[in-house]
Structures are given as C-alpha cells and as structure tokens.
Amino acid sequence: MYVAGRISETMGLQQFEDRLERLVEGTLAKPFRSNLQPVEIGRRLTREMDLHRRVGVRGLIAPNSFSVTLAKPDVDRFSNFLDALVRELAEAAREHARNEQYTFVGPIDVQILEGPRLRSGRFTVAAEFIEGPDGMAPAELVLPGGGRVQIESGPVVIGRMPECEVVLSDPNVSRRHAEVVRVNETFVVRDLGSTNGTKLNGVPIREQYLATGDNITVGSTTLVFEML
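Residues numbered from 1 in each chain as written. Predicted model: local features only at pLDDT ≥ 70, side-chain atom pairs only at ≥ 80, totals over all residues. Heavy atoms only, no water.

With respect to the confidence of the model for the protein
How we decide: Confidence scores per residue from the predictor, reported as pLDDT, run from 0 to 100. Contact definition: two residues touch when any of their heavy atoms are within 4.5 Å.
For the protein, the mean per-residue pLDDT works out to 83, and 82% of the residues sit at or above 70. In this model, residues 1–8 is a region of pLDDT below 50 whose contacts with residues beyond four sequence positions or in other chains number seven contacts. Contacts from residues 23–31, a stretch scored under 50 in pLDDT, to residues over four places away or in other chains number 12 contacts.

So, in structure tokens, the structure goes:
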C-alpha cells in the first residue's frame, strides 16, 4: 500500500511538472536553471499533507491551506508565472488527495511569500486546516477549460444568462439550464426545465444526488463535480 501511494505521488508530481512546462513553455528554461525546481515545491507540499493528515468523520483529512515561502531571487525568477505555479500547486494537492483518498475541510488555498532571510534555492511550506465559510466539506464544478467554481451554501445555476454562477455560451444550453445545490452534507443536480435536458454520466435526469467525479452534461458542455 505504501509503495502504491508513492508511485501515484510520483506520477502526480510528474504530471504537475509537465503541465507547468507546457503552460509557460520556453519561459521556464532560464529561471529553472536555478537550484530550485517547481517539482521540489510540489513534493514538499504533498509531504506536508501526509505529515499533518488526521482522521475525520469521512476518513482522512489533509491540510487545505499552504504558505510557500521562497527566497527573493527565486521569487524574482518565477515572477512571470507565479499565478500559474499557484494554480498547479493547488492541482497537485487535489491530485494527491484523490490518490490518497484525503478530504478537505475547506477550499484549497496556496500563497507564495517572500522570505528575506532565505538563500536562493531554499524554501519552506507551512500547511494549515482552514474551514470553508459554512464549515462544510467543499465541492467544486470543474469547467471544460479547467476553471473551477466553488459550491457553497447557495445554489450554483448553470445557463446562458449573465446572472448565472456558471455562464456558458453553448447555444444548446437554456438561459437557466440546471443547478447544483447543497442538501445537508450531500449535493444534488437539478434540471430547471431546460429545452434539451440535463444528463448525469450520460443518463438524462430531472434531479439526482452527486458523487465526486460525476459528469454533468448541459447542451454540448460537460462539467465535472468534485468533492474535495
């Protein structure tokens, strides 16, 4: 079991590095000649998750808030893609949680800070448990482009209207097509009387409970539901 976990972690971190390199392409070449590599930060972050995990009602809970402190020269080197690094570190945390079957008490938050006393190549990662605003387990809708919409206490409406929480330009999507709403500690997807209907994992539905990894199809667009 330990070996399998380490294999999945290695694969996740390699995917993390590959995605980051594809995202910023040639801009990585010069700054990453320094001693510090992004995969080292990802590896330390997932180690902190393992070290500070604890047992909760729904299984193992991992920290969800991370402060990464870098030396000023490394912050300067990474300045052109710090936002991309933050996004990919958050995704590395999600992947590690999926591999190890961890859950979170709130949304994942990663901050990059500057440590004036750190030498180039040195860094620290601090991990904390920070609950979401409603104190419930967080969930998100993953959009086709990779963006994420958090599901909190109110319904998340999917449709073409600009007032919707998830606005889609898909002509096959109704103005107010469907919604995802929290019901106690579970989540439900509901069709809102749309013209073309809503599918859950390819099956037409009117209302259905959700499980992590479920595919919600509205019109020609598919969203992925994830409990974190």
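A word on the nonpolar core
Rules: Throughout, nonpolar core names a set of buried Ala, Val, Leu, Ile, Met, Phe, Trp, Tyr and Cys residues whose side chains join them through atoms within 4.5 Å. The rule is simple: take the accessible area with a 1.4 Å probe, protein chains only, and divide by the maximum for that residue type; under 20% is buried, over 50% is exposed, in between is partly exposed. Each helix is a run of H or I in the DSSP string that is no shorter than four residues. Each strand is a run of E no shorter than two, and both are numbered from the N terminus.
Residues Ile 41, Met 49, Phe 66 and Leu 70 are the most contacted members of the largest nonpolar core, which totals 25 residues. Contributing elements (two or more residues each) for this core: α2 (38–52), β3 (65–71), α4 (82–100) and β5 (123–128). For this core, the leading source of residues is α4, giving six residues. Residues within four places of Met 49 in sequence aside, it is in contact with Ala 62, Pro 63, Phe 66, Ala 93, His 96, Ala 97, Tyr 102 and Phe 104. The next biggest cluster of nonpolar side chains, apart from the first, holds 20 residues, and it includes Val 180, Leu 210, Ile 216 and Phe 225.

What to know about the sheet that holds strand β14 (residues 207–209)
Defined as follows: Pairing between strands requires that DSSP locate at least two bridges from one strand to the other.
Spatial strand order, β9-β8-β10-β11-β14: five strands in an open sheet with mixed pairing. The open sheet has two free edges, formed respectively by β9 (166–167) and β14, since each of these has just one partner strand. Pairing geometry for strand β10 (residues 178–183) and strand β11 (residues 186–191), over six bridges, is antiparallel. Counterpart to Arg 182 in the pairing with β11 is Phe 187.

Regarding the packing of aromatic side chains
This is how the line gets drawn: Between rings of Phe, Tyr and Trp, where Trp is taken as its six-membered ring, a pair exists when centres lie within 6.5 Å; planes separated by under 30 degrees are stacked, by over 60 edge-to-face, and by other angles tilted. Consider the ring centre and the ring normal. A charge sits over the ring if Lys NZ or Arg CZ is within 6 Å of that centre and within 35 degrees of that normal.
Evaluation of the coordinates by the stated rule reveals two aromatic pairs. Note on Phe 187 and Phe 225: the rings are 5.4 Å apart at their centroids and 55° apart in plane angle, and the pair reads as tilted. Remark: Phe 225 occurs in strand β16 (residues 221–227) and Phe 187 occurs in strand β11; sequence separation between them is 38 residues. Its relative accessible area of 1% is what places Phe 187 among the buried residues. The ring of Phe 129 carries the charged tip of Arg 54 above its face, separated from the ring centre by 3.8 Å.

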